Amino acid sequence: MDLDIRTLTIVLFLVSIMASGAMLLVYLINGSQNGPLRWSVGSLLAGLGFIAMALEPWIGNYAIFLNNSLLLLALFFLFEGILRYQRIGKTKARYYAMMLIYLLSSLLLFLY
């Protein structure tokens, strides 16, 4: 019995969308907390990254680039949500560092 990659990516997409919706509800119920909104966006981006791999037969190698870029962005949003939830660090410097890392890694992914 073999596992179908497209089916697994669709399941991961649906789980990510449900997690995003749950975190959005947590944010709407308790808007004073900063983290859950970023967790919701991170889960949504992860779901879109997973669905990009399911579209690989139609969009070709761009699916790999989209998957890696969206999952990297998702990790940044999840990490930012954790730091904001715990009120750690300076957000402006962190945004610049994360965007620089994202741009450099996306450029390397696209060129390599």
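Here, every reference points to the structure presented above.
The structure displayed is predicted, hence computed values, not measured ones.

A. Structural context of the overall build of the protein chain. What the protein chain contains, in helices and strands, is five helices and zero strands. With the C-alpha coordinates aligned to their principal axes, the bounding extent of the protein chain is approximately 45 × 35 × 20 Å. Across the 112 residues of the protein chain, 29% fall into the buried class. The contacts of the protein chain with a sequence gap of at least 6 include a subset with a gap of at least 24, amounting to 62%. Within the structure as shown, the protein chain displays about 7700 Å² of accessible surface, and the carbon and sulfur contribution to it stands at 74%. In the protein chain, the 7 positive side-chain charges and the 4 negative ones have mean positions that sit 27 Å from each other.

B. View of the packing of helix α2 (residues 35–54) against helix α4 (residues 62–85). Direction vectors running N to C along α2 and α4 enclose 165 degrees, while the axes themselves pass 7 Å from each other. Judged by the inter-axis angle, α2 sits roughly antiparallel to α4. Classified by chirality, the crossing of α4 by α2 is left-handed. In terms of residue class, the contact of α2 with α4 is made up of 19 nonpolar, six polar and three charged.

C. A look at the environment of D2. Within the secondary structure, D2 sits in the segment before α1 (5–29). Look at D2 and you get exposed, because its relative accessible area is 75%. The spatial distance from the C-alpha of D2 to the C-alpha of L78 is 32 Å, given a sequence separation of 76 residues.

Conventions and cut-offs
- Residues numbered from 1 in each chain as written.
- Predicted model: local features only at pLDDT ≥ 70, side-chain atom pairs only at ≥ 80, totals over all residues.
- Heavy atoms only, no water.
- Helix = DSSP H or I, 4+ residues; strand = E, 2+ residues; numbered from the N terminus.
- Buried < 20%, exposed > 50% of the residue type's maximum accessible area, 1.4 Å probe, protein only.
- Contact = heavy atoms within 4.5 Å.
- Areas by Shrake-Rupley, 256 points an atom, 1.4 Å probe, with all protein chains shown as cover.
- Lys, Arg positive; Asp, Glu negative; His and termini not counted.
- Charge placed at Lys NZ, Arg CZ, Asp CG, Glu CD.
- Axes fitted to C-alpha atoms, helices over the stretch in contact; angles between N-to-C directions.
- Parallel < 35°, antiparallel > 145°, perpendicular 65-115°, else oblique.
- Left-handed = near helix turned anticlockwise from the far one by under 90°.
- Nonpolar A, V, L, I, M, F, W, Y, C, P; charged D, E, K, R; others polar.

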